[in-house]
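So you can see what is in the structure, the chains are spelled out below.
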Amino acid sequence: MSLLIAFLVGGTICAIGQIVLDTTKLTPAHVLVGFTITGAILNGLGIYEPFIQFAGAGALIPVSGFGSAIASGMLAEVKRLGWEGLFTGAFEITGLGVTAAVVFASIIALIAKPRK
Amino acid sequence: MDPKTKAEQKKYQELVKGHSKKTPILKHVVLAFLIGGSICLIGQIALNYFSTVERTQGEAAATTLAFMIFLGAMATGFGVYDILGEIGGAGAAIPITGFANTVVASAMEFRREGFLLGMAAKMFVIAGPVLVYGILAGFLVTLIKASLLGLFP
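Residues numbered from 1 in each chain as written. Chains lettered and ligands numbered in written order. Predicted model: local features only at pLDDT ≥ 70, side-chain atom pairs only at ≥ 80, totals over all residues.

1. With respect to the overall build of chain B
Tallying secondary structure elements over chain B gives 8 helices and 0 strands in all. Since a compact globule built from 153 residues should have a radius of gyration of about 15 Å, the 23 Å found for chain B marks it as more spread out than a globular shape. When its C-alpha atoms are laid out on the principal axes, chain B stretches across 75 × 45 × 40 Å. For chain B, buried positions account for 46% of its 153 residues. (Helix = DSSP H or I, 4+ residues; strand = E, 2+ residues; numbered from the N terminus. Rg over C-alpha atoms; globule rule 2.2 N^0.38 Å. Buried ≥ 20, exposed ≤ 12 C-beta atoms within 10 Å, placed from the backbone.)

2. So, the overall build of chain A
Counting secondary structure elements, chain A contains 7 helices and 0 strands. Taken along the three principal axes of its C-alpha coordinates, chain A extends 50 × 35 × 35 Å. Restricting the contact set of chain A to residue pairs at least 6 apart, pairs at least 24 apart contribute 55%. (Contact = placed C-beta atoms within 7 Å.)

3. Section: the packing of helix α3 (residues 57–77) of chain B against helix α6 (residues 96–110) of chain B
All names here are of chain B. As a packed pair, α3 and α6 sit with axes 8 Å apart at the nearest point and diverge in direction by 45°. Taken as axis vectors, α3 and α6 run oblique relative to one another. Considering the relative orientation of α3 and α6, their crossing is right-handed. Counted together, Leu-65, Met-68, Ile-69, Leu-71, Gly-72, Ala-73, Thr-76 and Gly-77 of α3 and Ile-96, Thr-97, Gly-98, Ala-100, Asn-101, Val-104 and Ala-105 of α6 form the full contact between these two elements. (Axes fitted to C-alpha atoms, helices over the stretch in contact; angles between N-to-C directions. Parallel < 35°, antiparallel > 145°, perpendicular 65-115°, else oblique. Left-handed = near helix turned anticlockwise from the far one by under 90°.)

4. Let's talk about the nonpolar core
Within the largest apolar cluster, 86 residues are counted, with the highest numbers of intra-cluster contacts made by Ala-101 and Ala-105 of chain A together with Ile-69, Val-103 and Val-104 of chain B. The element best represented in this core is helix α2 (residues 25–53) of chain B, accounting for 11 residues. Not counting chain neighbours up to four residues away, the residues in contact with Val-103 of chain B comprise Ala-101 and Ala-105 of chain A together with Met-123, Phe-124 and Ala-127 of chain B. (Core = buried A, V, L, I, M, F, W, Y, C linked by C-beta atoms within 7 Å.)

5. Overview of the interface of chain A and chain B
The extent of an interface is frequently quoted as the accessible surface area lost upon association of the parts. If you look at the interface, chain A gives 61 residues, while chain B gives 66 residues. Of all elements in the fold, only α1 (2–23), α2 (28–44), α4 (57–60), α5 (63–81) and α7 (90–111) of chain A reach the threshold of two or more residues within the side of chain A that touches chain B. For the side of chain A that touches chain B, the element with the highest residue contribution is α1 of chain A, accounting for 16 residues. Here the side of chain A that touches chain B is built from residues that sort into 43 nonpolar, 15 polar and 3 charged. (Nonpolar A, V, L, I, M, F, W, Y, C, P; charged D, E, K, R; others polar.)

6. Brief notes about the packing of α1 of chain A against α2 of chain A
All names here are of chain A. Contact geometry for α1 and α2: axes closest at 10 Å, N-to-C directions at 140°. Taken together, α1 and α2 sit at an angle that is classed as oblique. Once α1 is placed against α2, the crossing between them reads as right-handed. Two secondary-structure elements touch here, α1 through Gly-17, Val-20 and Leu-21 and α2 through Pro-28, Val-31 and Phe-35. The class makeup of the residues in the contact of α1 with α2 is 5 nonpolar, 1 polar and no charged.

7. A word on the environment of Gly-39 of chain A
All names here are of chain A. On the secondary structure map, Gly-39 appears in helix α2. In this structure the C-alpha to C-alpha distance between Gly-39 and Ile-5, which are 34 residues apart in sequence, comes to 19 Å. Filtering out sequence-adjacent residues up to four positions away, Gly-39 remains in contact with Tyr-48, Ser-64, Gly-65, Phe-66, Gly-67 and Ser-68.

8. Some words on the confidence of the model for chain B
Low pLDDT marks stretches whose predicted atomic positions should not be read closely. Of the residues in chain B, 92% have a pLDDT of 70 or more, and the chain-wide mean is 90. Across the interface, the model reports ipTM at 0.93; the global pTM reads 0.88. (pLDDT = per-residue confidence, 0-100.)

9. As for α1 of chain A
The terminal C-alpha atoms of α1 of chain A, which comprises 22 residues, lie 31 Å apart, in line with the 32 Å expected from a rise of 1.5 Å per residue. Buried within α1 of chain A we find Ala-6, Phe-7, Val-9, Gly-10, Gly-11, Ile-13, Cys-14, Ala-15, Ile-16, Gly-17, Gln-18 and Leu-21 of chain A. Buried residues in α1 of chain A make contact with α2, α3 (48–55), α4 and α5 of chain A together with α2 and α5 (90–93) of chain B. (Expected span 1.5 Å × (residues − 1).)

10. Thoughts on helix α4 (residues 80–88) of chain B
Residue and element names in this part refer to chain B. What α4 keeps buried is the set Tyr-81, Leu-84, Gly-85 and Gly-88. Along the axis of α4, the buried residues cluster in a sector spanning 100°; they form a single face. Among the exposed residues of α4, those pointing more than 90 degrees away from its buried face are Ile-83 and Glu-86. Looking at the packing, one finds that the buried side of α4 touches α2, α3, α5 and α6. (Arc of directions from axis to C-beta.)

Quick look at the structure:
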């Protein structure tokens, strides 16, 4: 059941992105940034975390989940440290992913050749 | 303007419209739905597994994200993600695997410009804006929310 919900919700988020891409002049970079900001705002409004509880990876894997994770990491760190948390929290949850991307990208760039 | 040319103009405009409507939006949207949904489905399988292994839900989520980034990076290295992106459009770009794809593809492409000013400097040429605006949005949202909740003394 969780698999079906993840498929449907994740697919719907991507379909919305595709509609924006096809009906406006925005580039993919604009759409990615827009989804990230939307995720952060929805997290602040207390909407995105219940959404992840419901849809699992369907809400977590799209880049809006990344934006939401930045905001929830910051809030958790503010609760722990005070205002310093605003500056330490961004990578509290997302740091694992960003570091993973840097490490994998470096290794793969060393061994693989780009397609033409 | 006499009505004949007006009618001809209208006919011509319809002809142009018919030909320019060649971007099949519905097909793009369905493909984005299927590809994006499938990637999230794989993510859910990973999340279900890591939920049984990790101690907290947060850790399971973080591990799932890292695992999906690993998959996206590998698929990019093998040239599979390029094909997925051509078919799936936003369905391949919006999942976190697409984030990994942009980082890895940039690193691979700019490697020939050197390891410092090429690979390292341009690794986040596409993913950078996502990080910058994600951090700025998170900062503002958290600043407002924490102030309203009275978390700052």
